[in-house]
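Coordinate inspection notes
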Amino acid sequence: MTDATTDPLVVFTPSGKRGRVARGTPVLAAARKLGVDLDSVCGGRGICSKCQVAPAYGDFAKHGVHAGADALSEWNAVEERYDRIRGLPKGRRLGCQAQIQGDIVIDVPPESQVHKQVVRKAATMRDIAMNPATRLVLVEVEEPDMHVPSGDFERLARALKEQWQVEGVTADLSLLARLQPVLRKGSWQVTVALYHDHTGASPRIVEIWPGLQEGPLYGLAIDLGSTTIAAHLTDLATGAVTASAGAMNPQIRFGEDLMSRVSYAMMNPGGDAEMTAAVREAIGQLAGKLAAEAGIEAERIVETVFVCNPVMHHLLLGFDPVELGQAPFALVTSNAITLAASDLGLRGLNPRARIYVLPCIAGHVGADAAAVALSEQPGRSQDLVLVVDVGTNAEILLGDTSRVLACSSPTGPAFEGAQISSGQRAAPGAIERIEIDPATKEPRFRVIGVDLWSDEDGFTEAAGKTGITGICGSGIIEAVAEMRMAGLLDGSGLIGSAAQTGTPRCIPDGRTQAYVIWDGTEAGGPLISVTQGDIRAIQLAKSALYAGARLLMDERNVDKVDRVVLAGAFGAHISPKHAMVLGMIPDVPLDKVTSAGNAAGTGARIALCNIDARAEIEATVRQITKVETAIEPKFQDHFVAANAIPHKTDPFPELSKIVSLPDVSFNTHGSGEDGSGRRRRRRS
Ligand code: FES
């Protein structure tokens, strides 16, 4: 209870922060005093409405508060005016205007919190806490006075210090060039986009507008891959993704995989600069496209975060990647980098936008792996988790609270449907799921774009629109695993003949066999089959992946892990059972295999929305132990043993609980076709 002599008690929800403040204190000032997260752009001038609160009246036994009807001051003229012109939702007050007169409980709605939690829709994904580096603030700047000479920028800096307690602000030359007309146009009232990150560097003015600017600021989270570039335009106040777009990485014309791009740089003087210019141009176009799609001005994009592998990292920043092509794989720098968009010549966004590139873990384990670590947090896991980001190159992390290890393994593009005879990218018409009846050896499948299985009524008509065009990455994994389960493929990876398997779907293909999934040739369509060459390509890819994981397990001195997280766009589509039949991942109970979606992209968004996350990942990467697969002799042993399906020596007890693999062998010649394959190293 309050009496006239005690200061009123104020309790803020949902934070639960409470304390006594002098009668007459504005709610915004009380919030600041008690460390409550309440937003403000106009600094309490009653014009931005970011400070809206919802006071609650009555008895609150839980808080020990009785809030009388007069616990806040009456509506004042500023609130009345705001409500009349722009409308204030029922039950809301402007925190900068309403004054505390008695004990009160005040709720701060999510939209009034700067550091709100953005709850992601998919349960498997992390929530993002908002704490962006850039925010809007309104300032009143003193007019110049001939008798007290000072520059316009110095008076702006002083205003920021006095009105927002922001000291030592800096600005680029291009901002200074805009300053004078904007100050005068705004009659000495301006809104600035102020960037202040976790590094302790001086705050920086990125943009300035006359008068009050309320519209959102945006950032780009960019996952710069060797094949594709994915960008998400993100509202820096709410964390919501406003628009997303992807583009092919134009560097593909210089080389399909990473090593061929490094070779291009080695063989062609100026080749690195050519690739740098190409990717920067593509990023600029992507930014421009996103801004146009969202209907915003490019100047509103004030930040960009990049995640990428080390070669992409170097080529983006204009560093020659040659050293990354040879041991000891030295990076120019592994630290996180902050710079301006104009330093990279990036178009399509504010030229003063701050660019943040996540740190690299090591020469072959890049900022993309760091982003996966940020998103999946293996270092906070109580149990031992293996995180696998499957792409052309697999990034592998193994760890728990005691220690995290990382490596990258050259799986090649087979998991993405490339180098597969009937392979194609995941697009309508591609076979993505497949089952083979172990008795009849007949397949049934589903194609992207059609909900029915191929043996269900209506499939033919439905597939008429998409066609049945090929087999995508997840489809080839299921096909090979199903062939193994149906006894069409032996443990060494050999496909049996029609006579050996009893199905005419096994057809000769040169000196080896192929299994026909779909014969569309009569109607002028493709013959979709899995050939011995396809099996070999998948074996090489999965062996590289498994060997990488095993190497990390050796380092931790363990034979098993507690759970597996499959990350990457492709990881989201892999069936855990089939991945385990193939022996792509170590044996764990199936319900311990989860998908994390595009974890690198999520990591980029987290870093974009929260500067604490940047500090966290910079500290984390220093503690991650890097294991180099390219020079580790045991990698070769693990690779050879992993060529068998699922594995030559490692037991898969969890797998055998749910699947019994036929004990077949199709090696009639003793020809050395033992499936061990030859190790092929590829970095891409
Ligand atoms: Fe801007 Fe209250 S702080 S209206």
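Scope of this entry: the structure provided in the associated data block. Just so you know, the residues in each chain are numbered from 1, in the order the chain's sequence is written. Owing to the predicted nature of the model, reporting of local features is limited to residues with pLDDT of at least 70; listing and counting of side-chain atom pairs is limited to 80 or more, with chain, interface and lining totals taken over all residues. The side-chain figures draw on all heavy atoms in the structure; neither hydrogens nor water molecules are used.

1. Comments concerning the overall build of the protein
Stated formally: The numbering of helices and of strands both runs from the N terminus, where a helix is a DSSP run of H or I of at least 4 residues and a strand a run of E of at least 2. Summary of the burial criterion: residues with accessible area below 20% of their type's maximum are buried, those above 50% are exposed, and those between are partly exposed, where the area comes from a 1.4 Å probe applied to protein chains only. Contacts: residue pairs with any heavy atoms within 4.5 Å of one another. Positive charges come from Lys and Arg, negative ones from Asp and Glu, while His and the chain ends are left out of the count. A charged residue contributes its charge at one atom only: NZ of Lys, CZ of Arg, CG of Asp or CD of Glu.
Looking only at helices and strands, the protein has 18 helices and 33 strands in total. Along the three orthogonal principal directions, the C-alpha set of the protein runs to about 100 × 65 × 55 Å. Evaluated residue by residue, the protein yields a buried proportion of 55% over its 684 residues. Long-range contacts, defined as pairs at least 24 residues apart, comprise 66% of the intrachain contacts of the protein with a sequence gap of at least 6. Of the side-chain charges in the protein, 67 are positive and 80 negative, and the distance between the mean point of each set is 3 Å.

2. Regarding the environment of Arg261
So the rule is basically this: Nitrogen and oxygen atoms within 3.5 Å of one another constitute a polar contact, given that in protein one can donate a hydrogen and the other can accept it, and given that sequence-neighbouring residues count only through two side-chain atoms.
Checked against the element boundaries, Arg261 lands in helix H5 (residues 258-267). Given the relative accessible area of 0%, Arg261 is considered buried. Apart from the residues within four sequence positions on either side, Arg261 is in contact with Ser226, Asn249, Gln251, Ile252, Phe254, Gly255, Glu256, Met275 and Met312. Of note is the side chain of Arg261, whose polar atom sits 2.7 Å from the backbone oxygen of Ser226.

3. With respect to the nonpolar core
Heads up, the condition is: Buried residues of nine kinds, namely Ala, Val, Leu, Ile, Met, Phe, Trp, Tyr and Cys, make up a nonpolar core once their side-chain atoms join them within 4.5 Å.
With 93 residues, the main nonpolar core has Leu224, Ile283, Phe306 and Leu358 as its most contacted residues. With 9 residues, the single largest contributor to this core is helix H6 (residues 271-294). In this structure, Ala479, Met485, Ala486 and Ala541 belong to the second largest nonpolar core, which totals 71 residues.

4. Some thoughts on unusual backbone geometry
Across the junction of Thr13 and Pro14, the peptide omega takes the value 5 degrees, indicating a cis bond. Turning to its location among the elements, Pro14 is positioned in the loop between strand E1 (9-13) and strand E2 (18-20). Across the junction of Ile645 and Pro646, the peptide omega takes the value 5 degrees, indicating a cis bond. The residue Pro646 is located in the loop between helix H17 (633-641) and helix H18 (653-658) in this model. Of note, Ser49 is a non-glycine position whose phi angle comes to about 60 degrees, a positive value. With respect to the secondary-structure elements, Ser49 resides in the loop between helix H1 (27-33) and strand E4 (52-56). Positive phi is not limited to glycine here, since Lys441 has a value of about 65 degrees.

5. Concerning H6
An α-helical turn contains 3.6 residues, so a residue and the one three or four places further along point in the same direction. Spelled out, the test is: Expected span of a helix: the number of residues minus one, times 1.5 Å.
The terminal C-alpha atoms of H6, which comprises 24 residues, lie 35 Å apart, in line with the 34 Å expected from a rise of 1.5 Å per residue. Looking one or two places after H6, you find Gly295, whose phi comes out positive at around 70 degrees.

6. Remarks on the side chain of Arg92
Take Arg92: it is sitting in the loop between helix H2 (77-85) and strand E7 (93-94). You can call Arg92 buried: its relative accessible area is 17%. Among the polar contacts listed, one links the side chain of Arg92 to the side chain of Gln52, at a separation of 2.8 Å. Within the local environment of Arg92, its side chain forms a polar contact with the side chain of Glu111, the two groups lying 3.0 Å apart. When neighbours within four sequence positions are excluded, Arg92 is seen to be in contact with Gln52, Val53, Ala54, Trp75, Pro109 and Glu111.

7. Points about the sheet that holds strand E12 (residues 134-140)
Heads up, the condition is: A pair of strands is treated as paired once DSSP finds two or more bridges between them. Axis definition: a line fitted to C-alpha atoms, limited for helices to the stretch in contact. Angles are taken between N-to-C directions and run from 0 to 180 degrees.
Pairing within the open sheet is mixed, and its 4 strands lie in the order E12-E14-E15-E13. The open sheet terminates on both sides in strands that have one partner only, identified here as E12 and strand E13 (170-171). In the packing of helix H3 (residues 152-164) onto the sheet, contacts are made with E12, E13, strand E14 (189-195) and strand E15 (204-210), and the angle to E12 comes to roughly 105 degrees. Each of E13, E14 and E15 touches helix H4 (residues 173-185); the most contacted strand, E15, lies at about 30 degrees to it.

8. Here we look at the pattern of salt bridges
Once the charged atoms of two side chains with opposite charge are near each other, the side chains can pair. For clarity, the cut-off: By definition, a salt bridge exists where a carboxyl oxygen of Asp or Glu is found within 4 Å of a side-chain nitrogen of Lys or Arg.
Considering all chains together, one arrives at 26 salt bridges under this definition. Of the charged contacts, one joins Arg93 and Glu79 as a salt bridge, the two residues approaching to 2.8 Å between their closest N and O atoms. Within this pair, whereas Arg93 is found in strand E7, its partner Glu79 is found in helix H2, the two being separated by 14 residues in sequence. Glu79 gets classed as buried once you look at its relative accessible area, which sits at 0%. A salt bridge links Glu478 to Arg433; the shortest N-O distance between them is 3.0 Å.

9. A few points about the packing of H6 against helix H7 (residues 310-317)
Stated formally: Roughly parallel here means an angle under 35 degrees, roughly antiparallel means over 145, roughly perpendicular means 65 to 115, and every remaining angle is called oblique. Residue classes follow a fixed rule: Ala, Val, Leu, Ile, Met, Phe, Trp, Tyr, Cys and Pro count as nonpolar, while Asp, Glu, Lys and Arg count as charged, and any other residue, Gly among them, counts as polar.
In the contact formed by H6 and H7, the axes pass within 7 Å of each other and the chain directions differ by 85 degrees. In terms of orientation, H6 and H7 fall into the roughly perpendicular class. Along its contact with H6, which presents Asp272, Met275, Thr276, Val279, Arg280 and Ile283, the element H7 presents Leu315, Leu316 and Leu317. Class assignment of the residues belonging to the contact of H6 with H7 gives a composition of 6 nonpolar, 1 polar and 2 charged.

The values are spatial; any link to function lies outside them.
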